[in-house]
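Chains, contacts and geometry: an overview
The residues making up each chain are set out below.
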Amino acid sequence: MNQIDLKGRRAVITGGARGIGLAIAERLVASGAAVALWDRDLAAANAAATALGATGKAMAVAVDQTEDGEVADATARTVAGLGGIDILVNNAGITGGNQKVWEYSVEEWRQVIDVNLVGPFLCCRNVVPEMLNAGYGRIVNIASVAGLDGNPNASHYSASKAGVISLTKSLGKELAATGIRVNAVAPAAVETDIFKQMSQQHIDFMLSKIPMARFGRVEEIAAMVAWLASEDCSFSTGAVFDITGGRATY
């Protein structure tokens, strides 16, 4: 594993209790960072933080990122626990089910938008002032190739991730003259528990689109995020980094 220096940095990873979020937390801790795992599942976050605590500093924070008050409270608790926030990784998300646009219920469509797009907005809204006060920050948003291509039978997910990409570009420009950098990664499908929300037909469709003929690994996403969260990422902001196994054609 290549070494990235994050010594002394304090990171928030939303959805950090499992899957891609946990892999990112493991990589950041291995690079010297202290981490706060923000997750709705406090029991899972506590278990993950305990395991990470054996090799570094980790804390678990219960938060529903769709509720501004809870995000504000989580921000304050994290600042108190870690002494500040240098890195924000907006990873938490859901896929929702797979249907045609006209078949989705309004409630399901809105739920995916709330978690995947409103959530990162609220996290940025609360954490960016802390970074501005410190004069430094790195924000990494987990988007998706679906936000670029638009996957059929996943309009809510595709639209939410397209929104994350535009949020990244707008916020990156707004903060370009500061010490804060804002970037996104756009993976193809990565096999995690989130697959349980999808139909097998949709999973097969996603695999068929990847020239490498395999799904991404959580460790591969974590490696890219770790660099984007470092001081070495100094002249990239408002950018979207491809990690699709050759799928992307843009």
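For the structure itself, consult the block above.
Below is a summary of the structure that appears in this document. It should be emphasised that the depicted structure is a prediction, and the values quoted were computed from it without experimental measurement.

This next bit is on the side chain of Ser 155. Counting through the fold element by element, Ser 155 comes out in helix α6 (residues 155-174). Residue contacts for Ser 155: discarding those within four places in its chain leaves Val 101, Tyr 104 and Trp 109.

A few words on the layout of surface pockets. Empty space within the largest pocket amounts to approximately 860 Å³. What lines the largest pocket is a set of 45 residues, among which Asn 91, Ala 92, Gly 93, Ile 94 and Ile 194 lie closest to the centre. Split into classes, the residues belonging to the lining of the largest pocket amount to 21 nonpolar, 17 polar and seven charged.

A ring pair, where both rings are aromatic, is described by two values, the distance of the centres and the angle of the planes. Here the structure, examined in full by the defined rule, presents one aromatic pair. Ring geometry for Trp 227 against Phe 241: centres 6.2 Å apart, planes inclined by 65°, an arrangement best described as edge-to-face. Placement of Trp 227 in helix α8 (residues 218-228) and of Phe 241 in strand β7 (residues 239-243) is noted, with a sequence separation of 14 residues between them. Looking at Phe 241, the relative accessible area reads 21%, which means it is partly exposed.

To continue, consider helix α3 (residues 68-82). A rise of 1.5 Å per residue sets the reference length of α3, with its 15 residues, at 21 Å; its end C-alpha atoms lie 21 Å apart and thus fit the reference within 8%. On its buried face, α3 is in contact with β1 (10-14), β2 (34-39), β3 (58-62) and α4 (106-134). Positive backbone phi, at 95°, marks Gly 83, one or two positions downstream of α3.

On to the environment of Ala 80, then. Turning to its location among the elements, Ala 80 is positioned in helix α3. Sequence separation between Ala 80 and Leu 28 is 52 residues, and the spatial gap between their C-alpha atoms is 20 Å.

Let us look at the nonpolar core. In terms of nonpolar packing, the biggest core is built from 34 residues, with Ile 13, Ile 24, Leu 28, Val 35, Leu 37 and Val 225 touching the most fellow members. Counting only elements with at least two residues in this core, the list comes to β1, α1 (19-30), β2, α2 (42-52), β4 (87-90), β5 (137-142) and α8. Among the nonpolar cores identified, the runner-up in size contains 22 residues, and Val 12, Ala 34, Ala 36 and Val 127 belong to it.

What follows deals with empty space enclosed by the protein. This structure, assessed with the given rule, holds one cavity of 30 Å³ or more. Every residue along the wall of the largest cavity is listed here: Asn 90, Asn 91, Ala 92, Asn 116, Pro 120, Asn 141, Ile 142, Lys 161 and Val 164. For the lining of the largest cavity, the secondary structure elements donating two or more residues are α4, β5 and α6.

Attention now moves to the pattern of salt bridges. Pairing between side chains becomes possible if they bear opposite charge and their charged atoms approach one another. Taken as a whole and assessed by the stated rule, the structure comprises nine salt bridges. As a salt-bridge pair, Lys 7 and Asp 5 come within 3.7 Å of each other at their nearest N and O atoms. Per residue, the accessibility class of Lys 7 equals that of Asp 5, and both read exposed.

Our next topic: the packing of α1 against α8. Remark: α1 packs on α8, axes separated minimally by 8 Å, with the N-to-C direction vectors making an angle of 50°. The angle between α1 and α8 places the two elements in the oblique class. The two elements α1 and α8 cross, and the hand of that crossing is right-handed. Between α1 and α8, the contacting residues are Gly 19, Ile 20, Ala 23, Ile 24, Arg 27 and Leu 28 on the first element and Val 218, Glu 219, Ile 221, Ala 222, Ala 223, Val 225 and Ala 226 on the second. Of the residues contributing to the contact of α1 with α8, the split by class is 10 nonpolar, one polar and two charged.

So, how was this worked out
Residues numbered from 1 in each chain as written. Predicted model: local features only at pLDDT ≥ 70, side-chain atom pairs only at ≥ 80, totals over all residues. Heavy atoms only, no water. Helix = DSSP H or I, 4+ residues; strand = E, 2+ residues; numbered from the N terminus. Contact = heavy atoms within 4.5 Å. 1 Å grid on protein atoms, 1.4 Å probe; cavity = no way out; pocket = protein on both sides within 12 Å on 5 of 7 lines; lining within 4 Å. Points joined across faces, edges and corners; volume = space filled by probe spheres on them. Nonpolar A, V, L, I, M, F, W, Y, C, P; charged D, E, K, R; others polar. Phe/Tyr/Trp six-rings, centres within 6.5 Å; stacked < 30°, edge-to-face > 60°. Buried < 20%, exposed > 50% of the residue type's maximum accessible area, 1.4 Å probe, protein only. Expected span 1.5 Å × (residues − 1). Core = buried A, V, L, I, M, F, W, Y, C linked by side-chain atoms within 4.5 Å. Salt bridge = Lys/Arg side-chain N within 4 Å of Asp/Glu carboxyl O. Axes fitted to C-alpha atoms, helices over the stretch in contact; angles between N-to-C directions. Parallel < 35°, antiparallel > 145°, perpendicular 65-115°, else oblique. Left-handed = near helix turned anticlockwise from the far one by under 90°.

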